[in-house]
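# Per-entry structural report
Given next are the chains, with one letter for each unit.
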There are 4 protein chains.
Amino acid sequence: MGHLSKDNKKLIARVRRLKGQLEGVERMLTSDTDCYEILQNVAACRGAFNALTRQLIHEHIEHHLIEEPTASDATRTASKEMQAIIDSFLK
Amino acid sequence: MGHLSKDNKKLIARVRRLKGQLEGVERMLTSDTDCYEILQNVAACRGAFNALTRQLIHEHIEHHLIEEPTASDATRTASKEMQAIIDSFLK
Amino acid sequence: MGHLSKDNKKLIARVRRLKGQLEGVERMLTSDTDCYEILQNVAACRGAFNALTRQLIHEHIEHHLIEEPTASDATRTASKEMQAIIDSFLK
Amino acid sequence: MGHLSKDNKKLIARVRRLKGQLEGVERMLTSDTDCYEILQNVAACRGAFNALTRQLIHEHIEHHLIEEPTASDATRTASKEMQAIIDSFLK
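Residues numbered from 1 in each chain as written. Chains lettered and ligands numbered in written order. Predicted model: local features only at pLDDT ≥ 70, side-chain atom pairs only at ≥ 80, totals over all residues. Heavy atoms only, no water.

An unreviewed UniProt entry lists chain A under the name Metal/formaldehyde-sensitive transcriptional repressor, with Thalassobacterium sedimentorum given as the organism. The annotation that UniProt attaches to chain A under Sequence similarities (unreviewed entry) is "Belongs to the FrmR/RcnR family." (UniProt positions renumbered as here; feature names shortened; annotations may be inferred.)

For the rest of this paragraph, the subject is the nonpolar core. One finds I57(A) and I57(D) to be the most contacted residues of the largest nonpolar core, which totals 112 residues. Not counting chain neighbours up to four residues away, the residues in contact with I57(A) comprise I86(A), L90(A), M82(B), I85(B), F89(B) and L39(D). (Core = buried A, V, L, I, M, F, W, Y, C linked by side-chain atoms within 4.5 Å. Buried < 20%, exposed > 50% of the residue type's maximum accessible area, 1.4 Å probe, protein only. Contact = heavy atoms within 4.5 Å.)

Note on the identical chains: chain A maps onto chain B by a rotation of 180° and an axial translation of 0.0 Å, with an RMSD of 0.0 Å. Both copies of the chain, as the preceding transformation shows, are related through a two-fold rotation axis. Looking at the rotation axis and the C-alpha trace of chain A, the residue lying nearest is A71(A), at 3.2 Å. In this assembly, 100% of the residues forming the interface of chain A have copies in chain B that are likewise at the interface, indicating an isologous arrangement. (Least-squares fit on C-alpha atoms with pLDDT ≥ 70 in both.)

To continue, consider the relation of the copies chain D and chain A. Structural alignment of chain D on chain A gives an RMSD of 0.0 Å, achieved by rotating through 180° and translating 0.0 Å along the axis. Looking at chain D, 100% of its interface residues are interface residues in chain A too, so the copies touch through the same face.

This model, assessed by the stated rule, comprises 12 salt bridges over all chains. Each member of the salt-bridge network shares a partner with another, and the members are R16(A), K19(A), E23(D) and E26(D). (Salt bridge = Lys/Arg side-chain N within 4 Å of Asp/Glu carboxyl O.)

Let us look at the interface of chain A and chain B. Each side of the interface is counted separately: chain A has 18 residues, and chain B has 18 residues. Scanning the region where chain A abuts chain B turns up 2 residue pairs in polar contact (both at pLDDT 80 or more). The set of elements that each furnish at least two residues to the side of chain A that touches chain B consists of helix 2 (35-66) and helix 3 (73-89) of chain A. With 9 residues, helix 3 of chain A is the largest single contributor of residues to the side of chain A that touches chain B. Each residue belonging to the side of chain A that touches chain B can be placed in one class, and the counts come to 9 nonpolar, 7 polar and 2 charged. (Polar contact = N/O pair within 3.5 Å; in protein donor to acceptor, adjacent residues only side chain to side chain. Helix = DSSP H or I, 4+ residues; strand = E, 2+ residues; numbered from the N terminus. Nonpolar A, V, L, I, M, F, W, Y, C, P; charged D, E, K, R; others polar.)

What follows is the structure, given as structure tokens:
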């Protein structure tokens, strides 16, 4: 994912944290944890998952559209608008 | 929304259909309609709403990024990828 | 929707407000409104739509499960947990 | 999660598969994988995550509401409607 090199560490940290949260859910399923508590943890995973997706799309737009050397001002503006829209839809 | 002129009619038709569906929900709420039937209609509205959003974002990308005269091939490819991604997340 | 009588007015007010927001989007589509502004308004509609759905499901659970005269304490507790879960997933 | 004992294995298998998918995303982020390919895999994770959530809520309703010995027919019907509604909203 070359272009993401500078942000990669953050993204990888997010994925690992999410994996940790899922391991927590797995442990709850194997032990006798209350169903509601599991669902609350799954809701937290969902939030983390949406945040990861949002950041990935954000950076896709950043690196492939906004930082593209030939991009016109109009392209850059429309791309930044796309980022804001994605943010509001993936909350 | 100038740039959408050719697609505007489709979008306006979608918005009107969705308004019609909401009027149906309103009528159900004022009459004695079964709660479950109302919820099924609200679920259908949600599908229509997501389809409208998807088409709007699609055309924003089409007209502002892909059809931008100065857009490089790389910009066009990344923009088409964005459309496919949005489609899969707003299903 | 019989059982919702006491809350019906609120729900109907929500549906009407949402219809008003969609009429705004329709007007923007027929006039020359900027695409990004339209998308911001569609995002606001989405918020209003999710709030409507959340309230409907909430009241379905309230009236059919929690207020059901024969409901056991266990049923009432599980139903309230369902409401909390729905709230966190339909934000 | 006592009550889920009979379905637990399926749920645990789902969580493990999802963890495996996330490990795939992590590997892609550390190697030089194309951004679009990563986003496609994240979209697949989202589908798997929604399916897991849907099944968990389904079983919460099944075991705490429908199978509750004192549940009236009305409670059972409203609970099954809830399951159907959740399914259509968490697709």
